[in-house]
Structure formats: structure tokens, C-alpha cells
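Tertiary structure, described
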Amino acid sequence: PPSLTRTSLGAENISSTAEKEVRSILAPFLDGGYRVTGEYGRTGGPYPSTGHIGLDLVPTGTDYDIEVPLEGEIIENAYSEGYGNYVKVRHPDGTVTLYAHMAAPSPFAVGTHVDARQEIGVMGDSGHAIGRHLHFEVFDAQGNRYDPMLWLGGEAPAATSAAPQPSESAPDAT
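Quick look at the structure, then.

On to the overall build of the protein chain. Secondary structure summary: the protein chain contains three helices and 11 strands in total. A buried classification covers 47% of the 174 residues belonging to the protein chain. Sequence-distant contacts, at least 24 apart, represent 59% of the contacts inside the protein chain between residues at least 6 apart. For the protein chain, the accessible area works out to roughly 7,800 Å², and carbon and sulfur atoms hold 49% of it.

Here is the structure:
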């Protein structure tokens, strides 16, 4: 499985005007040394025939803390059968990121402002999960899902699908 590095995400070639923003998005993922264990769109094995709807990450070390890559506001802090304990954060540009399979509910209430690189929880295996990991999803302001690897690399890709409600996506989250 690939590791997230500046090279694998193309961050070494970004322009100087975009560099600061992209590096702030990448920082928690690169500094933590994450390894990808489930790619977006992957099928087969534990993934549905319609494709995996997020990016699964595990740390290469022992740090299982989950940090938000950009500042934002907690818009959902809940539990579902598929996601287990999860949090959604809306960022200033309207992008929403989702962090699922947390070991316990996040201590932050809906409406709480969180800073970039702030810890919001700990990776776990709640919900439909195969082992302890972070299931990470990215949505635009209209609820369309993006490939998280493209977003982490600084791209704003075309939306890939409409965002399902947690009850619809619960069986697909791994």
C-alpha cells in the first residue's frame, strides 16, 4: 500500500502561491507518517461493488490521534452503524471533511470551532471497520464527494458522486 509523502501527493511541485495552503492541508498526514490501507473507489474484499467511499489510513508509528488539516467548525458528532463514532468538520471554503471509526465520541460539541492541526479524536475500529484506522472523506459545499487523495494533493477535482446520508453509507464505510 502507498504511503502519503510529499512526493506521492505531488506536493513537491506546487507553486509558491499555493504551497502554504497545500502544506497546511498535508501537515497532519505527512508529519504523522500515515499509510493508505484502503483507496477511494476500491472494490473487492471488504469493499462494496460500488467502490470504497473514502480513504483508509493507519499511522506508520504509534500516534493514533486524529488532527483536522484545516480550521473549521464541527457540524456533526455522531455514531452510525457503518461509520461508528464519526465527526464532520466544515472548513471556511465550504469543504466538509469526515473522520470515522473513532475509538470514542469526539469531545467537541456541534458548533465548536477547531483550529488547523487540532486533535479531534483517536483512531479506533467502531462501526464496520476491519482493524483500527481512520476512514477519511471529503465533500464540497453542495455535498458532492471528492477523492480524498486528490484533495490532499491540493486539487479541487470534479465531484465524483452525491454524498449519501450516514444511514445509506453505513454498510460501505470500512
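A word on the packing of aromatic side chains. With the rule as written, the count across this model stands at three aromatic pairs. Seen in terms of ring centroids, Y83 and Y86 are 5.2 Å apart; in terms of plane orientation they differ by 55°. Their pairing is tilted. Taken together, the aromatic side chains of Y99, F136 and W151 make up a single cluster linked through ring pairs. The side chain of K88 reaches across the aromatic face of F139, ending 5.4 Å from its centre.

This structure, assessed with the given rule, holds three salt bridges. Across the salt bridge formed by E67 and R117, the nearest N and O atoms sit 3.3 Å from each other. Here E67, found in strand β3 (residues 65–67), pairs with R117, found in the loop between β7 (113–114) and β8 (119–122); they are 50 residues apart in sequence, far enough to count as distant. The partly exposed category is assigned to R117, whose relative accessible area is 37%. The closest approach of N and O atoms between E137 and R145, which form a salt bridge, is 3.1 Å. For the pair formed by E137 and R145, the shared burial category is buried.

The rules we used
- Going along each chain's sequence as written, the residues are numbered from 1 onward.
- Residues qualify for local features only when their pLDDT is at least 70, as the model is predicted, and side-chain atom pairs are given and counted only at 80 or more; totals for whole chains, interfaces and linings, by contrast, use all residues.
- Neither water nor hydrogens contribute to the side-chain values; these are computed over all heavy atoms in the structure.
- Only DSSP runs of H or I covering at least 4 residues are called helices, and only runs of E covering at least 2 are called strands; the numbering of each starts at the N terminus.
- Three labels apply to residues, based on accessible area from a 1.4 Å probe with only protein chains included: buried if under 20% of the type maximum, exposed if over 50%, partly exposed otherwise in between.
- Between two residues, a contact is recorded if the distance between any of their heavy atoms is within 4.5 Å.
- The protein chains shown are the only cover counted for residues, whose accessible areas, like all others here, come from Shrake-Rupley with a 1.4 Å probe.
- We call Phe, Tyr and Trp rings a pair once their centres come within 6.5 Å, taking the six-membered ring for Trp, and we label the pair stacked below 30 degrees between planes, edge-to-face above 60, and tilted otherwise.
- Here, over-ring charges are defined by two tests on the NZ atom of lysine or the CZ atom of arginine: distance to the ring centre within 6 Å, and angle to the ring normal within 35 degrees.
- Only one rule defines a salt bridge in this text: a Lys or Arg side-chain nitrogen within 4 Å of an Asp or Glu carboxyl oxygen.

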